[in-house]
Amino acid sequence: MNRQHFFKPRYRLNRYGLLSLLISVLVMSCAPPAQTEISTVPAETSQGLTILWDKGYVIEEDEAIEAAVKQWQTDTGEQVNLSFYNSGEIAPKTLRASKAGTPPDILFAAKSVYPIDEWAGKLADVTDIIEPVAEQFTPSALQAAHIYGAENAERRYYAVPLNQSVIQIHYWKDLLAQAGYTSDDIPRDWHGFWAFWKTAQDNLRDQGIEDVYALGLPLSIPAKDTYHLFEQALVAYNIRLLDEQGNLLVDQPEVRDGIVKVLGWYSQFYKDGYVPPNVTAWLDPDNNRNLLDRNVLMTPNPTLSIPAAVRNDPDTYQNKLATLPWPDKLDGTPMSHLMETRMAVIFSDSPHQAKAKQFLSYLIQPAVTNEFLKTSYGRFMPPNQGLESDPFWRNPDDPHVSVATRIVLEGQTQPYGNALNPAYGVALEQNIWGDVLHDIVENGTAPEAAADRAINNLKEIFEQWS
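My aim in this report is to walk through the structure given alongside it, one point at a time.

Definitions and cut-offs
- Residues numbered from 1 in each chain as written.
- Predicted model: local features only at pLDDT ≥ 70, side-chain atom pairs only at ≥ 80, totals over all residues.
- Heavy atoms only, no water.
- Helix = DSSP H or I, 4+ residues; strand = E, 2+ residues; numbered from the N terminus.
- Buried < 20%, exposed > 50% of the residue type's maximum accessible area, 1.4 Å probe, protein only.
- Contact = heavy atoms within 4.5 Å.
- Areas by Shrake-Rupley, 256 points an atom, 1.4 Å probe, with all protein chains shown as cover.
- Phe/Tyr/Trp six-rings, centres within 6.5 Å; stacked < 30°, edge-to-face > 60°.
- Lys NZ or Arg CZ within 6 Å of the ring centre and 35° of its normal.
- Expected span 1.5 Å × (residues − 1).
- Core = buried A, V, L, I, M, F, W, Y, C linked by side-chain atoms within 4.5 Å.
- Pairing = 2+ DSSP bridges.
- Axes fitted to C-alpha atoms, helices over the stretch in contact; angles between N-to-C directions.
- Salt bridge = Lys/Arg side-chain N within 4 Å of Asp/Glu carboxyl O.
- Parallel < 35°, antiparallel > 145°, perpendicular 65-115°, else oblique.
- Left-handed = near helix turned anticlockwise from the far one by under 90°.
- Nonpolar A, V, L, I, M, F, W, Y, C, P; charged D, E, K, R; others polar.

The number of helices and strands found in the protein chain is 19 helices and 11 strands. Counting only residues that meet the buried cut, the protein chain has 62% of its 466 residues in that class. When contacts within the protein chain are restricted to residue pairs at least 6 apart in sequence, those whose partners lie at least 24 apart make up 77%. About 17100 Å² of surface is accessible on the protein chain, with carbon and sulfur atoms providing 48% of the total.

So this is what it looks like as C-alpha cells:
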C-alpha cells in the first residue's frame, strides 16, 4: 500500500504517525487492570488467524469475544489464536511482532500509541467489508472509519467499527437524597445544572459529611478523561476548533475567547473545593473508583464501565446509581454528545488477510455484534442497526444502557475532532487540555495564558502535518 493511501498527502510523516492513526481509529477507553497474555484457542501460526485483543475492563468482555471466535471456528472450520493484552502492552507487542515479520492478522486496541514511521501504509484497505453494509452503521462510526484515503479523495476505509460510546453522567441517588434532593430536582440548563451539584455538596457539609465531593472531574495530564470532559464542555459552549475540512479555527478571536471561558469554568471547581484535592494526579480509572467508593456525588464518564462494575448488585444498579445525559448547552439548545468509535484493523502484510476479512465481516453482523456487546454488560454500544433492532439497548427498565441508547438514537452525537483530521488525534494523545488545566490549578497560570499555550501547541502539531 502506498503511503498516500494511508493519509491524505497533505500530511507529512513524522514520529507521531501511528499515534494519530490510532487516536483516530482505536479510540481511548478506561484502562483495565494489568493482565498477561491469554491464548484462548490453540495457535496454529502456519494456518490459523492471529488476533490481538484488548483485555476487557470486566471478565465478561473477554468471555464474549471468546464465544464469538469459537462460534466462527465452528461455522468455518478455521483455526484462531486469540490473545489478550492490557492496554499498555498490546501496542509494543504488536510492534515487536511486526518488526519480526510476524504481524497479527487483526488488532483491536482501544488505547494504543505507536511510532508512525513504523506503521505508515501497513493497514489493509477494508472498504470491501464496510461499503456493502455501510447503511447499517451510525454516521459517527463511518466518519471515524475513514482514515484519509487516496489522493483523488475517494472515500476508503482502513478500520472496521466494532463499538461506540458517548459521555454520560453517573450519580448516586441515595447520596443526593441525603443532600435533600431527588433526581427530578436536577436542572437541565447549563448553569443551573452545575450549580445544583455544588449546592448538594454544601448541604452535605452542613450535615457534617466532609468526605463526599460534588464532582469527579479530573484535572491531570495522565487521565485521558480530562480531555474527554473538556472537549464536551467546548461543545456546550459552541466552540468549534476545526471546520468540516479539518482545518484549525483557533486564530479566530471568538474561538480563543471560548477556550479561555471553558478553561476558567472547568478549573474553578477545583479552586472552589468542589472536586477532590487529588484530581490533579488521577489516572483514567480514578473517576470510576472515586464514584464507586462514594467519594464523589457525580462524575461524567465516556463509557458505561461504572454501571457495568455494579451490574451484579441489583439494588445498587437499579436503585442507587443513576445515569443521565449532559444538560443543555449554554445557549439553551440540546447538547450534542461526543461519540467514540472503537475499531479493529487488519495489517496489509497479514499472512491471512482474506480470513481476517471473513472474520470481521462475521463479527459486524448486527446479531453477532449485539450478542458479544450485551453479553459484556453493555459497556459499549453497537455501532450499527442492532441498537434499534435489539430491545436490550432500549429496555426502559435498565436505567443506564437505555439512557446512552436514547442519546444515540435521538441523533444527539458528533465525532471527536480526530475523525476530521488525524493531527488532532496527536493533540488529544498529548492531552494538551489536561496539561494546561493542570498548569492553571497547580501553578496559578491565568486561563488566558493557558489558552494561548494550548493554541500554540495545536498550531505546532498541525504545522507538522501541513
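Going through the model one piece at a time under the given rule, you end up with 20 aromatic pairs. Look at Y181 and F196: their rings are 4.7 Å apart centre to centre, the planes differ by 55°, and that puts the pair in the tilted class. With Y181 in the loop between helix 6 (173–178) and helix 7 (190–206) and F196 in helix 7, this residue pair connects regions lying 15 residues apart in the sequence. Take Y181: its relative accessible area is 22%, and that puts it in the partly exposed class. For F196, a relative accessible area of 7% corresponds to the buried category. Here the aromatic rings of F196 and W197 are separated by 5.2 Å at their centres, their planes lie at 85°, and the arrangement is edge-to-face. Considered together, F196 and W197 belong to a single accessibility category, that of buried residues. Above the ring of Y213, the side-chain terminus of R205 is found at 4.9 Å from the ring centroid. Directly above the ring of W172 sits R294, whose terminal nitrogen or CZ lies 4.8 Å from the centroid.

We now examine helix 7. In this model helix 7 runs 25 Å from its N-terminal to its C-terminal C-alpha over 17 residues, within 8% of the 24 Å that 1.5 Å per residue would give. Of all the positions in helix 7, only W190, G192, F193, W194, F196, W197, A200, Q201, L204 and R205 are classed as buried.

Membership of the largest hydrophobic core comes to 141 residues, with the highest contact counts inside it found for W197, I259, F359, L363 and W433. With eight residues, the single largest contributor to this core is helix 9 (residues 253–271).

Attention now goes to the sheet that holds strand 8 (residues 296–301). On the basis of which strands lie adjacent, the open sheet formed by four strands has the order 7-8-6-9 and mixed pairing. Pairing within the sheet leaves two strands with one partner each, and these edge strands are strand 7 (213–215) and strand 9 (321–324). On average, adjacent strands in this sheet sit at an angle of 20° to one another, irrespective of strand direction. Judged from the four bridges that link them, strand 6 (residues 168–172) and strand 8 form a sheet pairing that is antiparallel.

Take Q178: it is sitting in helix 6. Owing to a relative accessible area of 36%, Q178 belongs among the partly exposed residues under this scheme. Along the chain, Q178 and L204 lie 26 residues apart, while their C-alpha atoms are 7.1 Å from each other. Setting aside residues no more than four positions away along its own chain, Q178 makes contact with L204, Q207 and I209.

This part covers the pairing of strand 10 (residues 337–346). By the criterion of burial, strand 10 is predominantly enclosed, with 10 of the 10 residues buried. Here strand 10 shows two buried faces, one formed by H337, M339, T341, M343 and V345 and the other by L338, E340, R342, A344 and I346. The pairing of strand 4 (residues 106–108) with strand 10 spans three bridges and is classified as antiparallel. Within strand 10, the residue paired with L107 across the bridge is V345. Looking at chain direction, strand 10 and strand 11 (residues 413–415) are connected through three bridges and run parallel. For M339, the partnering residue across the bridge sits in strand 11 and is P415.

Moving on, we get to the pattern of salt bridges. Taken as a whole and assessed by the stated rule, the structure comprises 18 salt bridges. With its nearest N and O atoms 2.9 Å apart, the salt bridge here joins E340 to R342.

Let us look at the packing of helix 18 (residues 432–443) against helix 19 (residues 447–464). The angle between the axes and the distance between the axes are what describe a pair of packed helices. For the pair helix 18 and helix 19, interaxial distance at closest approach is 10 Å and the crossing angle is 155°. Our classification of the angle between helix 18 and helix 19 gives roughly antiparallel. Note on packing geometry: the crossing formed by helix 18 with helix 19 is right-handed. Taken together, the residues of helix 19 that come into contact with helix 18 (itself represented by I432, W433, D435, V436, D439 and I440) are P447, A450, R453, A454, N457 and L458. Here the contact of helix 18 with helix 19 is composed, by residue class, of eight nonpolar, one polar and three charged.

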